[in-house]
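# Report on the structure
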Amino acid sequence: MKTISIVNQKGGCGKTTTAINLASSLGNNGKKVLLIDLDPQAHASLGLNVDSQDSIYNVISNLTPRKLKIQNIVKRVEDNFDIVPSNVLVGTLEQELSDEIGRELKLSEGINPIKGNYDYILIDCPPSLGILTINAIRLSDELIIPVETSRFSMQGVEHLMDIVRLVKDRLNHEVKCRVLITMFDSRLRHSFQMLATFREKFKEMLFDTIIHINVKLKESVVMGQSVALYDKYCRGSKDYNTLAKEQIFLDKKTDEKSSEEVLQSFSKKMQELVKEQTETFLQTQFTLDAPEAKNVYLTGSFNNWSLGKDDYRMRNNDGQWQVKVPLKPGVYEYQFIVDGVWMEDPDNPRRQKNQFGDNNSLVEVTTADSSV
Ligand SMILES: Nc1ncnc2c1ncn2[C@@H]1O[C@H](COP(=O)(O)OP(=O)(O)OP(=O)(O)O)[C@@H](O)[C@H]1O
Ligand SMILES: [Mg+2]
């Protein structure tokens, strides 16, 4: 049995989405899973359509008139997947436990009677580093720290590591930490730059699996289902299934103490995949002479003809406007938007009629660096 807390004090970084969908995917891979919703916001419970008047509060609190055993509050969500729901009262535990002796062990004691029924216990933590989160860390073998590829989330992880060290020193409990990239937007160059920085900083702590941005993950929460039930074949479902497989693989490896080589070959394969995905992007330079223009954007088939995105804003260099865009090899149509007016590239003879009766310019990105 393994206990894993999904934790990061930064709000909205994908903790609950990861907790719900990793739990469901581990279940789909034949593991028996319990998800403990420890967040008073109860997003995991609500996201699985479990609206309960009872929660872990009724198990842990000594002040409640409705004291319950953990067995009485567990709810079945999917085959192999149960939940201990949360509700707003869970928030009052921060205060109630603050004066209690052994307060860091309350959650551990509470779930002890049912621990043996599961292969994995996952805990969805609140976005804070209070006593509830400390309870979760104290109970866990491992932490999964979801991070978005932004600079601020990196600082958050360092703060969290301080807490983990504190738990080790003060409570004599050591946990392994793994960092999971979430909401990865492969259309943005910035994401790949941040990925490289995260790899360098966190090295083998980083999961090989990356969770991409996928609207189905948002929709499934609204529908009160795991993404695998909502849309089995979408990207989000595949990503979380890959994550579950990686987690099982890592645990098997630790349990059996199997050779380091096996792990390395798995990592290598995933790393090659990431490398392949990242390296096939070629920096492609676009230029336009427009000394009178105030602002110029590039738009095209590579960004779904989107408007006004910062990554496609061209920079003025003495009247010559430029932008470099990472593109995979292929042929793309594009236009410039000069002070709000769409126009083809006057210096590019390759063009093609579009549905509006004017021309789109064409660029072919080949294996060498391209520019137009
Ligand atoms: N990979 C993804 N693609 C698209 N949307 C996502 C993805 N992951 C999470 N989201 C959305 O982002 C929002 C925040 O995600 P989530 O609730 O999982 O974060 P959280 O860390 O649990 O937040 P909190 O700190 O408030 O508990 C939600 O609306 C969720 O549906
Ligand atoms: Mg959450």
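Reference entry: report on the structure contained in this document.

Criteria and thresholds
- Residues numbered from 1 in each chain as written.
- Chains lettered and ligands numbered in written order.
- Predicted model: local features only at pLDDT ≥ 70, side-chain atom pairs only at ≥ 80, totals over all residues.
- Heavy atoms only, no water.
- Near = heavy atom within 4 Å.
- Polar contact = N/O pair within 3.5 Å; in protein donor to acceptor, adjacent residues only side chain to side chain.
- Areas by Shrake-Rupley, 256 points an atom, 1.4 Å probe, with all protein chains shown as cover.
- Helix = DSSP H or I, 4+ residues; strand = E, 2+ residues; numbered from the N terminus.
- Nonpolar A, V, L, I, M, F, W, Y, C, P; charged D, E, K, R; others polar.
- Disulfide = S-S within 2.5 Å.
- Buried < 20%, exposed > 50% of the residue type's maximum accessible area, 1.4 Å probe, protein only.
- Pairing = 2+ DSSP bridges.
- Axes fitted to C-alpha atoms, helices over the stretch in contact; angles between N-to-C directions.
- Contact = heavy atoms within 4.5 Å.
- Patch = residues over 30% accessible without salt bridge, like charges linked within 9 Å, V, L, I, M, F, W, Y side chains within 5 Å.
- Salt bridge = Lys/Arg side-chain N within 4 Å of Asp/Glu carboxyl O.
- Phe/Tyr/Trp six-rings, centres within 6.5 Å; stacked < 30°, edge-to-face > 60°.
- Lys NZ or Arg CZ within 6 Å of the ring centre and 35° of its normal.
- Core = buried A, V, L, I, M, F, W, Y, C linked by side-chain atoms within 4.5 Å.

A few words now on the site of ligand 1. Taken together, the neighbourhood of ligand 1 is formed by 18 residues, with Gly12, Lys15, Thr16, Thr17 and Asn214 sitting nearest. One nitrogen or oxygen atom from the side chain of Lys15 is found 2.8 Å from an oxygen atom belonging to ligand 1. Isolated, ligand 1 exposes 630 Å² of accessible area, and the fraction of that covered by the protein chains is 84%. Within the residue set of the shell around ligand 1, elements represented by two or more residues are α1 (15-28), β8 (206-212) and α9 (215-222). Within the shell around ligand 1, the residues separate by chemical class into 6 nonpolar, 8 polar and 4 charged.

It is worth spelling out the state of the cysteines at this point. Applying the stated criterion across every chain yields a total of 0 disulfides. Not engaged in a disulfide, the cysteine Cys13 finds its nearest cysteine sulfur in Cys125; these two sulfurs lie 11 Å apart. With a relative accessible area of 1%, Cys13 lands in the buried category. Distance from the sulfur of Cys234, which forms no disulfide, to the nearest cysteine sulfur (Cys13) is 20 Å.

Right, let's talk about the sheet that holds strand β4 (residues 81-84) for a bit. Ordered in space as β3-β4-β2-β5-β1-β6-β7-β8, the 8 strands form an open sheet in which the pairing is mixed. Bordering the open sheet on either side are β3 (75-78) and β8, each of which pairs with just one other strand. The mean angle between the axes of side-by-side strands here comes to 25°, regardless of whether they run parallel or antiparallel. In the sheet, strand β1 (residues 2-6) pairs with strand β6 (residues 142-148) via 3 bridges, with the strands oriented parallel. Its bridge partner being in β6, Ile6 is matched across the sheet by Ile144. Each of β6, β7 (176-184) and β8 is contacted by helix α8 (residues 189-202), which is oriented at about 175° to β7, the strand it contacts most.

A few words now on a nonpolar patch on the surface. A surface patch of nonpolar side chains, about 290 Å² in accessible area, is lined by Val221, Val222 and Met223. As for its placement among the helices and strands, Val222 is situated in helix α9. Residue classification places Val222 among the exposed positions, given a relative accessible area of 69%.

What follows concerns the side chain of Asn354. Along the chain, Asn354 turns up in the loop between β15 (351-353) and β16 (359-365). A polar side-chain atom of Asn354 sits 2.9 Å from the main-chain amide nitrogen of Phe356. Reaching out from Asn354, the side chain makes a polar contact with the side chain of Asp358 at a distance of 2.8 Å.

Under the defined criterion, the tally for this structure stands at 8 aromatic pairs. Here Phe286 and Phe302 contribute two aromatic rings whose centre-to-centre distance is 5.9 Å and whose plane-to-plane angle is 45°, an arrangement assigned as tilted. Separated by 16 residues along the polypeptide, Phe286 in strand β9 (residues 282-289) and Phe302 in the loop between β10 (296-300) and β11 (315-317) bring together distant segments of the chain. By the ring-pair criterion, three or more aromatic residues cluster together here, those being Phe286, Phe302, Tyr312, Tyr332, Tyr334 and Phe336. Above the ring of Phe207, the side-chain terminus of Arg178 is found at 5.9 Å from the ring centroid.

Now for the pattern of salt bridges. Tallied over the full model, the rule gives 15 salt bridges. In this structure, the salt-bridge partner of Glu344 is Arg351, at a minimum N-O distance of 2.4 Å. Given the relative accessible area of 22%, Glu344 is considered partly exposed. Through salt bridges with shared partners, a single network forms among Lys2, Glu142, Arg178 and Asp251.

What follows is about the side chain of Ser220. Residue placement: Ser220 occurs in helix α9. What makes Ser220 buried here is its relative accessible area of 1%. Within the local environment of Ser220, its side chain forms a polar contact with the backbone oxygen of Leu217, the two atoms lying 3.0 Å apart. Residues within four places of Ser220 in sequence aside, it is in contact with Gly47, Gln225, Ser226, Val227 and Tyr230.

Right, let's get into unusual backbone geometry. Most peptide bonds adopt trans geometry, and most residues besides glycine take a negative phi value. Unusually for a residue other than glycine, Asn80 sits at a positive phi of about 70°. Tracing the chain through its elements places Asn80 in the loop between β3 and β4.

Moving on: the environment of Glu78. Among the structural elements, Glu78 can be located in strand β3. Placed 45 residues apart in sequence, Glu78 and Val33 show a C-alpha to C-alpha distance of 9.7 Å. The contacts of Glu78, once residues within four sequence positions are left out, are Ser24, Asn28, Ser226 and Leu229. Here the side chain of Glu78 touches Ser226 through a polar contact of 2.7 Å, side chain to side chain.

Our next topic: the nonpolar core. If you look at the biggest cluster of nonpolar residues, it comprises 50 residues, and the most contacted ones within it are Ile56, Ile123 and Phe198. No other element matches the 7 residues that helix α7 (residues 151-171) contributes to this core. Setting aside residues no more than four positions away along its own chain, Ile56 makes contact with Asp37, Leu38, Ile70, Ile73, Val84, Pro85, Val90, Leu107 and Ile111. The next biggest cluster of nonpolar side chains, apart from the first, holds 28 residues, and it includes Ile20, Ala44, Ala244 and Leu250.

By themselves these figures say nothing about function.
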